[in-house]
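# Per-entry structural report
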Amino acid sequence: GATRTAFLCFFISHIPITILIDAQAFLPHSLYPQAVLDFVKWYTGTFGDQLMTPPYDLWFSTMVGCEVFFQLPFFFVIVYAL
């Protein structure tokens, strides 16, 4: 029903967001196309997001690393299960 669809949309949308946006605070920037790097630079400049502005604090990079290694695989599992 509607709840399943809402959960699917939530988890499916977070897969590319985690990989392309959030993970930039953890993974080397050389892995990303320039357009994606430019988008995050635009976003941080426009909205003043200090967490996503380099240089990243160690605690934040660590949390994003946990997101990449634990939460991201869960997104694929839950999408498959739903």
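Look up: the structure comes first, before these words.
We now turn to the structure provided with this report. Counting restarts for each chain: residues are numbered from 1 in the order of the written sequence. The predicted nature of this model means local features are confined to residues of pLDDT at least 70 and side-chain atom pairs, given and counted, to a pLDDT of 80 or more, with totals for whole chains, interfaces and linings taken over all residues. Values shown for side chains rest on all heavy atoms present in the structure; no hydrogens or waters enter the calculation.

## As for the overall build of the protein
Short version of the rule: Each helix is a run of DSSP H or I of at least 4 residues and each strand a run of E of at least 2, with the numbering of both proceeding from the N terminus. A simple rule labels every residue: compare its accessible area, found with a 1.4 Å probe on the protein chains alone, to the largest value its type can have, and call it buried under 20%, exposed over 50%, or partly exposed in between. The method behind every accessible area is Shrake-Rupley, applied with a 1.4 Å probe, and residues are considered shielded solely by the protein chains displayed.
Within the protein one finds 3 helices and 0 strands. Along the chain direction, N to C, the helices and strands of the protein fall in the order α-α-α. Across its three principal axes, the protein shows a C-alpha extent of roughly 40 × 25 × 20 Å. Out of the 82 residues in the protein, the part that is buried amounts to 29%. Carbon together with sulfur atoms contributes 74% to the accessible area of the protein, which is approximately 5600 Å² in total.

## Thoughts on the packing of aromatic side chains
How we decide: Here a pair means two rings of Phe, Tyr or Trp (six-membered ring of Trp) with centres within 6.5 Å. Their orientation is stacked below 30 degrees between planes, edge-to-face above 60, and tilted elsewhere.
Summed over the entire model, instances satisfying the criterion amount to 9 aromatic pairs. Taking the centre distance of 5.5 Å and the plane angle of 40° together, the rings of Tyr 43 and Phe 47 count as tilted. You can see Tyr 43 and its partner Phe 47 sitting in helix α2 (residues 34–47), 4 residues apart, about one turn around the helix. For Tyr 43, a relative accessible area of 29% puts it in the partly exposed group.

## Quick notes on the packing of helix α1 (residues 2–20) against helix α3 (residues 58–81)
Our working rule: Note on definitions: angles span 0 to 180 degrees between N-to-C directions of axes, and those axes are lines fitted to C-alpha atoms, for helices only across the stretch in contact. Left-handed describes a crossing whose near helix is turned anticlockwise from the far helix through less than a right angle; right-handed describes the clockwise counterpart. Here a residue-residue contact requires only that any non-hydrogen atoms of the pair lie within 4.5 Å.
At a minimum axis distance of 9 Å, the contact between α1 and α3 shows a crossing angle of 145°. The element α1 and its partner α3 pack so that their crossing is left-handed. Between α1 and α3, the residues in contact are Leu 8, Phe 11, Ile 12, His 14, Ile 15, Thr 18 and Ile 19 and Glu 67, Leu 72, Phe 74, Phe 75, Phe 76, Ile 78 and Val 79, respectively.

## Brief notes about a nonpolar patch on the surface
Cut-off, in case you're wondering: Surface patches are defined over residues having more than 30% relative accessible area and no salt bridge, joining like charges when they lie within 9 Å and nonpolar side chains (Val, Leu, Ile, Met, Phe, Trp, Tyr) when within 5 Å. Salt bridges are counted wherever a side-chain nitrogen of Lys or Arg sits within 4 Å of a carboxyl oxygen of Asp or Glu.
There is a patch of nonpolar side chains on the surface, built from Ile 19, Leu 20 and Phe 76 and spanning about 250 Å² of accessible area. As for its placement among the helices and strands, Ile 19 is situated in helix α1.

## Comments concerning α3
The following threshold applies: Multiplying 1.5 Å by the residue count of a helix minus one yields the expected span of that helix. Take the seven residues that end at a residue and the seven that start at it, fit an axis to each, and the angle between those axes is the bend at that residue.
With 24 residues, α3 extends 34 Å from end C-alpha to end C-alpha; this agrees with the ideal 34 Å at 1.5 Å per step. Considering bend angle alone, the principal kink of α3 is centred on Val 68 and spans about 35°. When α3 is considered as a whole, its buried residues turn out to be Phe 60, Ser 61, Val 64, Gly 65, Glu 67, Val 68, Leu 72, Phe 75 and Ile 78. The inward-facing, buried residues of α3 abut α1.

## Some details on the nonpolar core
Threshold: For the purposes of this section, nonpolar cores are sets of buried Ala, Val, Leu, Ile, Met, Phe, Trp, Tyr and Cys residues that join through side-chain atoms within 4.5 Å.
One finds Ile 21, Ala 23, Ala 25, Tyr 32, Val 36, Leu 37, Val 40, Met 52, Phe 60, Val 64 and Val 68 forming the largest nonpolar core, which totals 11 residues. Contributing elements (two or more residues each) for this core: α2 and α3. Ignoring sequence-local partners within four residues, the contact set of Leu 37 consists of Gln 24, His 29 and Tyr 32. Within the second largest apolar cluster, 5 residues are counted, among which are Phe 11, Ile 15, Leu 72 and Ile 78.

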